[in-house]
There are 2 protein chains.
Amino acid sequence: MEKSFVVKGNICQTVTSKKLDLHENSFAVCIDGLSVGVFEDLPEEYTHLPLYDYKDALIFPGMVDLHVHAPQYAFRGMCMDLELMDWLNRYTFPEEEKYEDLEYAEKAYGMFVNAFKKGATTRACIFATRHRYATELLMELMEESGLISFVGKVNMDREASKALTEDSADISAYTTFGWINAVNNRFKNTKPILTPRFIPCCTDKLMEELRQIQMAYGIPVQSHLSESKGEIDFVKILRPNNSFYGDSYNEYDLFGKNDDIDTDVKTVMAHCVWSTDKEVELMRKNGVFIAHCPASNMNLTSGIAPIRKYLNAGINIGLGSDIAGGHSESIFRAITDTIQVSKMYFRMVDDSFAPLVFSEAFYLATKGGGAFFGKVGSFEKSYEFDAVVLDDGVLPHPQSLNLAERMERAVYLGLDEKNITAKFVAGRKII
Amino acid sequence: MEKSFVVKGNICQTVTSKKLDLHENSFAVCIDGLSVGVFEDLPEEYTHLPLYDYKDALIFPGMVDLHVHAPQYAFRGMCMDLELMDWLNRYTFPEEEKYEDLEYAEKAYGMFVNAFKKGATTRACIFATRHRYATELLMELMEESGLISFVGKVNMDREASKALTEDSADISAYTTFGWINAVNNRFKNTKPILTPRFIPCCTDKLMEELRQIQMAYGIPVQSHLSESKGEIDFVKILRPNNSFYGDSYNEYDLFGKNDDIDTDVKTVMAHCVWSTDKEVELMRKNGVFIAHCPASNMNLTSGIAPIRKYLNAGINIGLGSDIAGGHSESIFRAITDTIQVSKMYFRMVDDSFAPLVFSEAFYLATKGGGAFFGKVGSFEKSYEFDAVVLDDGVLPHPQSLNLAERMERAVYLGLDEKNITAKFVAGRKII
């Protein structure tokens with residue numbers, strides 16, 4: 001069985017958010033793509049399996065990126081002096097227009113997929129553009145990569161550049177039907193996700209049509225929520241009858257579980273920097289995931305999402321790179337950014353919300369976001385076997401280090417593709 | 001003349017903080033270590049000089065790190081879940097104790113100096129430890145590297161671990177005399193700087209002795225100021241008669257210019273997160289430099305220094321990595337952190353202070369901090385010729401990019417030693 005094997009090394013994970021779960025020089029066993037557990041001594045019954053001995057390397061669960069825009073990879077780290085709405089209009093929309101051209105899309109998406117394949121991320125929720133065929137092409141490339149993802153053709157029928165705006169709600173819906181029919185059962189690891197860009201870009205009519213599509217196919221939903229003040233003010237004007245932003249998704253049953261009509265729409269909303277108490281309560285009730293994207297929230301001057309508050313409220317949370325609002329695709333960077341912004345929130349805004357500690361942020365990057373994909377994000381029994389093997393030998397140190405120190409250092413100093421010696425996704429070795 | 005030559009490439013600098021000064025495919029001329037200027041066409045009079053043609057590479061002024069602790073390099077990116085005073089007592093002081101052992105110091109400082117030599121930093125203000133001989137060793141290694149620096153043997157005669165606390169103010173002063181006499185004119189590029197750790201670690205008697213030493217030798221001063229709330233509260237208890245923290249340095253004439261006694265003590269103070277208006281006014285009046293260390297201020301939950309406010313007040317400001325409060329030695333990272341925290345201050349704390357834009361933060365990292373060393377930080381006429389040559393060809397992109405985009409991207413994505421193809425310090429090629 002290709003997907004049954006043992007890996008040996010220094011295994012670092014967070015089974016709970018409150019502490020690191022560390023196993024020096026131990027064995028993680030994978031049977032048919034699923035983890036069996038971590039063992040200090042390899043049980044007799046697994047000694048017949050192939051062994052990958054990574055010696056003194058660090059072995060982490062794969063990182064989960066709950067929010068990333070593939071077409072924005074091309075301009076990451078540029079044009080960062082603007083806030084959200086200006087940034088969208090001046091840089092993002094003009095760049096996304098280019099994906100009408102499949103040749104350009106292939107070149108650009110190839111670079112994106114290559115970077116994600118080589119990095120520490122094993123799973124992602126990805127925005128493409130409004131273009132059906134470029135989105136299918138991205139899905140093909142993602143499937144070839146061996147990574148596991150949800151990919152969304154974006155819906156947007158107002159408030160963007162002419163070239164990027166779909167001609168009508170009907171055309172947007174029609175194109176989406178065509179796209180879903182083409183890809184719904186075509187790939188093993190790459191699935192469609194319904195992707196209304198955000199309320200400012202989606203008419204009521206389009207939202208109604210997306211509700212119908214969701215009901216017809218039962219696919220999950222991703223979008224943006226309560227990211228920046230300018231955006232939220234705009235949504236209030238567009239949707240005066242919704243008491244809060246999230247309610248405008250909920251009204252169309254695109255906001256998690258709805259017991260009234262007995263639906264459970266797996267939903268992830270990016271940002272939630274400024275969610276009101278009512279919005280938070282509805283997210284909790286409906287089981288909506290938050291994709292926390294701290295770098296993006298800093299770069300676009302959106303603010304700091306009060307993650308401790310949301311954790312206290314019992315909301316599902318994972319991390320997102322939000323390329324290109326965020327400039328780095330590294331979820332290690334998202335972990336340290338999460339800790340840093342939580343410290344700033346505590347110190348500068350409200351000291352009743354304690355900063356996140358390292359184990360908590362690592363948990364969000366693995367099991368937190370992993371829950372959107374099922375049992376993902378650790379080496380516990382029956383979890384899908386996603387792992388990255390990191391060689392931290394490139395980082396010199398004069399003193400001896402314990403495993404907790406090495407784990408934290410690898411994340412803070414941002415070990416990257418040059419330090420990844422192997423990578424497994426659901427038990428398949430892709431590097 | 002070894003230090004007279006021409007470099008050719010894409011020259012990127014900030015002559016003023018308000019805009020990028022970009023020269024595609026141009027020539028920067030260095031005569032005897034000093035810049036002559038940047039030319040699109042090489043003037044006839046310089047055509048006889050050796051030419052380094054870096055083709056399509058980016059050429060930046062060298063980065064200036066105004067605040068870094070060499071002995072803390074060993075544990076960067078670790079132990080980041082604590083605030084300043086706990087972090088000092090639990091991790092920093094125990095590590096610094098080891099520098100009594102010269103063998104350990106040589107190993108550890110060797111790693112530090114190697115990292116700085118390879119990176120984009122050309123100049124630095126460095127804290128060593130309280131140990132005289134390890135400090136001399138660090139200075140020897142720095143001199144060999146070709147970098148230009150001020151290095152300080154730390155003074156601390158209270159409130160640290162027993163092994164790290166000097167036995168008395170007299171012994172601290174005596175050791176400092178010995179150290180300065182040994183190094184004061186020994187090196188070309190490596191100079192001593194008086195380094196009282198901070199008020200909590202220095203008795204009044206020691207401060208008085210440091211005043212005498214400063215007056216005797218006229219050397220500059222570096223220390224910490226108004227970094228964290230716990231520290232500031234402690235200083236209030238220790239120094240009840242000073243109306244603000246900075247006044248306790250000023251009382252001993254270790255705080256910049258003092259017209260009353262006609263002294264001008266070149267002084268850099270790290271952090272200034274919580275400086276009061278009176279403290280800011282005195283820094284301005286005395287020409288004290290602030291070393292802004294945003295990563296450290298986040299990691300240690302210190303807060304966000306209101307840099308826009310200080311810029312408006314006309315204070316000299318440069319950037320610091322503050323290894324290991326900051327976890328990265330990259331001043332590129334300090335540039336983007338500076339922008340990000342200024343955006344958070346604007347959004348979450350006080351929207352009367354506009355965020356810094358890219359050109360402003362780049363200016364702080366070059367000419368801002370460079371002013372502490374003289375005419376440093378650009379390729380303007382008569383500036384010391386510090387340059388780093390960066391190959392950004394490793395960063396793929398599907399679209400064409402202009403030079404401003406390439407410059408911003410190189411900084412945000414953190415091009416590092418692997419991308420530095422050449423480096424000049426005061427006209428000397430060290431890589």
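Residues numbered from 1 in each chain as written. Chains lettered and ligands numbered in written order. Predicted model: local features only at pLDDT ≥ 70, side-chain atom pairs only at ≥ 80, totals over all residues. Heavy atoms only, no water.

Participant: Looking at this structure, I do not really get the overall build of chain A. What am I missing?
Facilitator: Along the backbone of chain A there are 13 helices and 19 strands. The globule rule puts the C-alpha radius of gyration for 431 residues at 22 Å, and the 21 Å found for chain A is close to it. Its C-alpha atoms give chain A principal-axis dimensions of roughly 60 × 50 × 45 Å. Taken over 431 residues, chain A has a buried fraction of 66%. Long-range contacts, defined here as pairs at least 24 residues apart, represent 75% of the contacts in chain A between residues at least 6 apart. Here chain A has roughly 14700 Å² of accessible surface; of this, 49% comes from carbon and sulfur atoms. Counting 45 positive and 61 negative side-chain charges, chain A places the centres of these two groups 1 Å from one another. (Helix = DSSP H or I, 4+ residues; strand = E, 2+ residues; numbered from the N terminus. Rg over C-alpha atoms; globule rule 2.2 N^0.38 Å. Buried < 20%, exposed > 50% of the residue type's maximum accessible area, 1.4 Å probe, protein only. Contact = heavy atoms within 4.5 Å. Areas by Shrake-Rupley, 256 points an atom, 1.4 Å probe, with all protein chains shown as cover. Lys, Arg positive; Asp, Glu negative; His and termini not counted. Charge placed at Lys NZ, Arg CZ, Asp CG, Glu CD.)

Participant: Just checking my understanding: could you explain the relation of the copies chain B and chain A for this structure?
Facilitator: One copy of the chain maps onto the other through a rotation about an axis followed by a shift along the same axis. Once chain B is rotated about the relating axis by 180° and shifted along it by 0.0 Å, it coincides with chain A to within an RMSD of 0.0 Å. The symmetry that links the two subunits is that of a two-fold axis. A symmetric contact is evident, with 100% of the interface residues of chain B recurring at the interface of chain A. (Least-squares fit on C-alpha atoms with pLDDT ≥ 70 in both.)

Participant: I keep staring at the pairing of strand S1 (residues 5–16) of chain B and nothing clicks. Help me out?
Facilitator: Every other side chain in a regular strand lies on the same face of the sheet, so the side chains alternate between the two faces. Residues and elements named next belong to chain B. When you tally the buried positions in S1, you get 10 out of 12 residues, the bulk of the element. Across 9 bridges, S1 lies against strand S2 (residues 19–31) in antiparallel orientation. Across the sheet, residue isoleucine 11 finds its bridge partner in S2, namely histidine 23. Taking the residues between adjacent antiparallel strands as the criterion, S1 and S2 are bridged by 2 residues. (Pairing = 2+ DSSP bridges.)

Participant: So what exactly am I meant to see when it comes to unusual backbone geometry here?
Facilitator: Excluding glycine, residues mostly have negative phi values, and the peptide bonds linking residues are mostly trans. Residue and element names in this part refer to chain A. That bond from isoleucine 323 to alanine 324 is cis: its omega, 5°, falls within 30 degrees of zero. Within the element layout of this structure, alanine 324 appears in the loop between strand S16 (316–319) and helix H11 (331–349). Located in the positive-phi region is asparagine 25, a residue other than glycine, with phi close to 50°. With respect to the helices and strands, the residue asparagine 25 is situated in strand S2 (residues 19–31).

Participant: So what exactly am I meant to see when it comes to the domain arrangement of chain A here?
Facilitator: The extent of an interface is frequently quoted as the accessible surface area lost upon association of the parts. All names here are of chain A. Partitioning chain A into domains gives domain 1 (5–61 + 378–429) and domain 2 (63–373). Put simply, the middle of domain 1 and the middle of domain 2, counted by C-alpha atoms, are 29 Å apart. Residue-level contacts link 31 residues of domain 1 with 27 residues of domain 2. Of the roughly 2300 Å² buried between domain 1 and domain 2 on both sides combined, carbon and sulfur atoms contribute 60%. On the domain 1 side of the contact with domain 2, Val411, Tyr412 and Lys423 bury the most area, a combined 24% of that side's loss. For the interface between domain 1 and domain 2, the tally reads 4 salt bridges. Glutamate 384 is the salt-bridge partner of arginine 123, the closest N and O atoms lying 3.0 Å from each other. Taken together, the connections running from domain 1 to domain 2 amount to 13 residue pairs in polar contact (both at pLDDT 80 or more). Elements that contribute at least two residues to the side of domain 1 that touches domain 2 include exactly strand S1 (5–16), S2, strand S4 (51–61), strand S17 (387–390), helix H13 (403–412) and strand S18 (420–425). When grouped by side-chain class, the residues that make up the side of domain 1 that touches domain 2 number 17 nonpolar, 5 polar and 9 charged. (Domains from an automatic or database assignment. Buried area = accessible area lost by both parts, 1.4 Å probe. Salt bridge = Lys/Arg side-chain N within 4 Å of Asp/Glu carboxyl O. Polar contact = N/O pair within 3.5 Å; in protein donor to acceptor, adjacent residues only side chain to side chain. Nonpolar A, V, L, I, M, F, W, Y, C, P; charged D, E, K, R; others polar.)

Participant: Would you take a moment to explain the interface of chain B and chain A for this structure?
Facilitator: Taken together, the contact between chain B and chain A spans 51 residues of the former and 51 residues of the latter. A combined buried area of about 4700 Å² lies between chain B and chain A, and 61% of that area is made up of carbon and sulfur atoms. In terms of surface lost to chain A, no three residues of chain B exceed Arg347(B), Met348(B) and Pro398(B), which account for 15% of the buried area on that side. Where Arg347(A) meets Glu83(B), a salt bridge forms, and the shortest distance between an N and an O atom there is 2.8 Å. Linking chain B with chain A are 22 residue pairs in polar contact (both at pLDDT 80 or more), by the criterion used here. Of all the secondary-structure elements, those providing two or more residues to the side of chain B that touches chain A are helix H2 (102–118), helix H9 (294–299), helix H11 (331–349) and helix H13 (403–412) of chain B.

Participant: What exactly am I supposed to notice about the sheet that holds strand S18 (residues 420–425) of chain B here?
Facilitator: Within a sheet, each strand pairs with its neighbour through backbone hydrogen bonds, oriented either parallel or antiparallel. Residue and element names in this part refer to chain B. Taken together, the 7 strands give an open sheet; going across it, the order is S3-S2-S1-S4-S17-S18-S19, and neighbouring strands pair in mixed fashion. Each end of this open sheet is capped by a strand with a single partner; those strands are strand S3 (34–39) and strand S19 (428–429). Relative to strand S17 (residues 387–390), strand S4 (residues 51–61) runs antiparallel, the two sharing 4 bridges. Across the sheet, proline 61 pairs through a bridge with alanine 387, a residue of S17. Where H13 meets the sheet, its contacts fall on S1, S2 and S4, and the angle it forms with S4 comes to roughly 65°. (Axes fitted to C-alpha atoms, helices over the stretch in contact; angles between N-to-C directions.)

Participant: Looking at this structure, how should I read helix H3 (residues 132–145) of chain A?
Facilitator: Every α-helix carries 3.6 residues per turn, so stepping three or four residues along brings you back to the same face. Residue and element names in this part refer to chain A. Relative to the 20 Å expected for 14 residues at 1.5 Å per residue, H3 spans 20 Å between its end C-alpha atoms, a close match to the ideal helical length. The element H3 is extensively covered by neighbouring structure, given that 10 of its 14 residues are classed as buried. Regarding H3, the residues found buried are Ala134, Thr135, Glu136, Leu137, Leu138, Met139, Leu141, Met142, Glu143 and Ser145. On its buried face, H3 sits against helix H2 (102–118), strand S6 (121–127), strand S7 (148–152), helix H4 (169–183) and strand S9 (190–192). Of the residues one or two after H3, glycine 146 is the one with positive phi, at around 90°. (Expected span 1.5 Å × (residues − 1).)

Participant: Mind showing me how you'd approach the sheet that holds strand S15 (residues 289–292) of chain A here?
Facilitator: Residues and elements named next belong to chain A. Taken together, the 4 strands give an open sheet; going across it, the order is S11-S14-S15-S16, and neighbouring strands pair in parallel fashion. Strands at the two margins of the open sheet, each flanked by one partner only, are strand S11 (221–225) and S16. Geometrically, the sheet is characterised by an average inter-axis angle of 30° between neighbouring strands, direction not taken into account. Taken together, the 3 bridges between strand S14 (residues 267–271) and S15 define a ladder with parallel strand orientation. Note that in S15 the partner of methionine 269 across the bridge is isoleucine 290. The sheet contacts of H11 involve S15 and S16, and relative to S16 the element is tilted by about 120°. Here helix H12 (residues 358–370) sits on the sheet and contacts S15 and S16; the angle it forms with S16, its principal contact strand, is near 105°.

Participant: Mind showing me how you'd approach the side chain of Arg239(B) here?
Facilitator: For Arg239(B), the location among the structural elements is in the loop between helix H6 (229–238) and helix H7 (247–250). Not counting the four nearest positions on each side in its chain, Arg239(B) is found in contact with Ile199(B), Asp204(B), Ser248(B), Glu251(B) and Tyr252(B).

Participant: Please explain the environment of Leu51(A) as it appears in this structure.
Facilitator: All names here are of chain A. Counting through the fold element by element, leucine 51 comes out in strand S4. A relative accessible area of 45% means that leucine 51 is categorised as partly exposed. Sequence-wise, leucine 51 and arginine 308 are 257 residues apart; in three dimensions their C-alpha atoms are separated by 40 Å. If we ignore the near neighbours within four places in the chain, the residues touching leucine 51 are Val6, Lys8 and Phe27.

Participant: Looking at this structure, how should I read helix H8 (residues 277–286) of chain A?
Facilitator: Residue and element names in this part refer to chain A. Those residues of H8 that fall on the buried side of the exposure criterion are Glu279, Val280, Leu282, Met283 and Asn286. Viewed along the axis of H8, the buried residues span an arc of 165°, placing them on a single side of the element. Opposite the packed face of H8, turned more than 90 degrees from it, sit the exposed residues Asp277 and Lys278. Positive backbone phi, approximately 70°, marks glycine 287, located one or two places after H8. (Arc of directions from axis to C-beta.)

Participant: Honestly, the environment of Gly369(A) in this entry has me stumped. Any pointers?
Facilitator: Structurally, the position occupied by Gly369(A) is in helix H12. Gly369(A) has contacts with Val64(A), Leu66(A), Ile317(A), Gly318(A) and Leu364(A), leaving out every residue within four places of it along the chain.

Participant: So what exactly am I meant to see when it comes to the pattern of salt bridges here?
Facilitator: Any two side chains of opposite charge can pair, on the condition that their charged atoms come close. This structure, assessed with the given rule, holds 54 salt bridges over all chains. In this structure, Arg333(A) and Asp337(A) form a salt bridge, with 3.1 Å as the shortest nitrogen-oxygen distance. With Arg333(A) and Asp337(A) both in helix H11 and 4 residues apart, this pair spans about one turn of that helix. The exposure classification of Arg333(A) matches that of Asp337(A), with both residues buried. Two residues, Arg186(B) and Glu140(B), come together in a salt bridge whose shortest N-O distance is 2.4 Å. With Arg186(B) in the loop between helix H4 (169–183) and strand S9 (190–192) and Glu140(B) in helix H3 (residues 132–145), the pair connects residues that are 46 residues apart, well separated along the chain. Residue Arg186(B) is classed as partly exposed on the basis of its relative accessible area, which comes to 38%.

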